[in-house]
Amino acid sequence: MNKQPFDVEISTWFKIGIRGAKRLLMNGALAMNEFAISYDDILRAAQRLKGQAHRTPVLTSATADRRCGARLFFKCENLQRMGAFKFRGAYNAIAQFTPEQLAGGVVSFSSGNHAQAIALSARELKTKAVILMPSDAPKIKIDATRGYGAEVVFYDRYAGNREEIGRRISEERNLTLIPPYDHPHVMAGQGTLAKELIEEAGELDVLVAPLGGGGLLSGCTIAAKALSPNCRIVGVEPEAGDDGRQSFRSGRIVHIDPPKTIADGAQTQNLGEYTFPIIYRLVEDIVTVGDDELVDAMKFFAHAMKMIVEPTGCLAAAAVFGKKVDVSGKRVGIVVSGGNVDLLRFATLISRGPA
């Protein structure tokens with residue numbers, strides 16, 4: 001895999017080179033203080049989340065191990081509050097609001113899981129939430145967001161710019177904007193997931209995580225490099241939305257049109273200004289999987305592990321099952337990021353092709 005130099009100002013990273021910097025990082029000789037978050041931020045996030053977020057189980061499967069020739073550890077965030085890892089980042093962000101911000105409320109934009117996470121966190125922290133959602137978002141996610149007490153405002157994902165609409169609503173209604181991934185407090189909250197995984201499973205050879213805008217992957221990367229320095233980290237995104245892979249290889253943030261994929265939680269158009277540097281410098285590779293591979297992973301979780309996992313939540317597992325990541329003989333952490341999928345849609349998807 002070839003990458004172009006990262007287009008930022010000259011720093012220590014480039015005096016010694018990317019590869020040299022990575023070696024120093026792994027040996028603890030170079031601090032990661034150029035990034036938006038540190039492991040200390042993740043530790044503080046873990047304290048805020050204590051008693052609020054579930055410490056989700058790390059499950060194993062002998063069937064999966066045999067299939068992949070590796071020892072796999074599944075971090076099951078489909079069993080998190082509101083059904084996805086997003087609660088971690090949302091709660092950590094709103095928990096740091098000033099009294100004035102809490103009095104005003106929060107606004108965000110999301111296709112579903114971050115929407116629910118912000119809505120639930122706002123309810124728990126006694127502030128109001130306004131959520132901008134695409135008009136084609138899954139009904140189960142729209143209903144859940146409203147059920148947690150948020151006001152939902154719709155937009156056309158193929159014609160409107162959610163960031164601009166969100167900023168306008170924020171200014172007009174005196175609400176604090178918390179984006180779904182490109183925010184240090186969100187990233188630190190998501191990193192607590194990898195902290196728990198490695199604390200329970202032990203050091204890993206490989207960590208594989210879904211990639212949309214990069215909040216999850218960047219947070220998990222910082223945690224993994226602190227707790228398991230030699231761990232290789234791989235991000236996985238849908239084939240139709242490979243902006244992350246393009247950005248990773250070109251050394252700059254690439255913007256794409258809204259991708260059409262069943263992985264609705266990864267229909268992002270670009271990585272973030274905060275998330276990209278971490279991913280570019282510390283992640284080993286980014287791979288993609290197709291919708292059929294996601295369905296295969298959904299079937300596996302349902303049949304072999306008795307779990308309902310949404311398509312986006314299957315990205316990491318699908319890459320490992322599909323041999324997109326070399327895991328032979330390795331100890332591998334797999335992030336199962338969420339389980340919010342309409343049951344009728346779930347049944348339709350897993351009915352595709354042979355069981």
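Anything mentioned here points back to the structure above.
Below, the structure is looked at part by part. Residue positions within a chain follow its written sequence, with the count starting from 1. For this predicted model, a pLDDT threshold of at least 70 governs which residues receive local features, and a threshold of 80 or more governs which side-chain atom pairs are given and counted, while totals over whole chains, interfaces and linings are taken from all residues. As a rule here, side-chain values cover all heavy atoms of the structure and leave hydrogens and water aside.

Summing up its helical and strand segments, the protein chain has 16 helices and 10 strands in all. Summary of the burial criterion: residues with accessible area below 20% of their type's maximum are buried, those above 50% are exposed, and those between are partly exposed, where the area comes from a 1.4 Å probe applied to protein chains only. Of all 355 residues assigned to the protein chain, the portion counted as buried reaches 60%. A contact between two residues is defined here by any heavy atoms of the two lying within 4.5 Å. Taking the intrachain contacts of the protein chain between residues at least 6 apart in sequence as the baseline, contacts between residues at least 24 apart amount to 73%. Carbon and sulfur atoms make up 48% of the accessible area of the protein chain, which amounts to about 14200 Å² in all. Runs of E in the DSSP output that reach at least two residues are strands. Runs of H or I that reach at least four are helices, and both are numbered from the N terminus. Computed with the Shrake-Rupley method and a 1.4 Å probe, the accessible areas treat only the protein chains shown as cover for residues.

This part takes up the sheet that holds strand β7 (residues 206-210). Across the sheet, which stays open at both edges, the 6 strands sit in the order β1-β2-β10-β7-β8-β9 with mixed pairing between neighbours. At either margin of the open sheet sits one strand with a lone partner, and together these are β1 (58-59) and β9 (285-289). Throughout, an axis means a line fitted to C-alpha atoms (over the contacting stretch in the case of helices), and angles, computed between N-to-C directions, take values from 0 to 180 degrees. Of the strands in this sheet, β1, β2 (71-76), β7 and β10 (331-336) touch helix α10 (residues 184-201), which is tilted by about 140° from β2. Here a strand pair is declared whenever DSSP counts at least two bridges between the two strands.

Take the pattern of salt bridges next. Salt bridges are defined by distance alone: a side-chain nitrogen of Lys or Arg within 4 Å of a carboxyl oxygen of Asp or Glu. The full count for this structure, using the stated rule, is 22 salt bridges. In this structure, the salt-bridge partner of K139 is D143, at a minimum N-O distance of 2.6 Å. Of this pair, K139 and D143 both sit in helix α8 (residues 139-147), separated by 4 residues, roughly a single helical turn. R173 serves as the salt-bridge partner of E151, at 2.8 Å between the closest nitrogen and oxygen. Taken together, the residues E151 in strand β5 (residues 151-155) and R173 in helix α9 (residues 162-173) connect sequence positions 22 residues apart. A relative accessible area of 35% means that R173 is categorised as partly exposed. Here the residues in one salt-bridge network are K75, E77, R88 and E196, joined through shared partners.

Between 30 and 60 degrees the pair is tilted, below 30 it is stacked and above 60 it is edge-to-face, where a pair is any two Phe, Tyr or Trp rings, Trp via its six-membered ring, whose centres lie within 6.5 Å. What the rule picks out here adds up to 6 aromatic pairs. Considering the side-chain rings of F300 and F301, the 6.1 Å spacing of their centres and the 70° angle between planes classify their relative orientation as edge-to-face. By way of ring pairs, the aromatic residues F74, F300, F301 and F321 are connected into one cluster. In this scheme, the term charge over a ring applies when either NZ of a lysine or CZ of an arginine sits within 6 Å of the ring centre and within 35 degrees of the ring normal. A cation over an aromatic ring shows up here: R67 above the ring of F321, its NZ or CZ 4.4 Å from the ring centre. Its guanidinium or amino end placed over the ring of Y158, K260 lies 5.5 Å from that ring's centre, counting from NZ or CZ.

Here S218 is to be found in helix α11 (residues 215-227). A 3.5 Å cut-off defines polar contacts: any pair of N or O atoms within that distance qualifies, except that in protein one atom must be a possible hydrogen donor and the other a possible acceptor, and neighbouring residues in sequence count only when both atoms are side-chain atoms. Reaching out from S218, the side chain makes a polar contact with the backbone oxygen of G214 at a distance of 2.6 Å. A polar side-chain atom of S218 sits 3.2 Å from the main-chain carbonyl oxygen of G215. With near-sequence residues (within four places) excluded, S218 lies in contact with M187, T275, I278 and I279.

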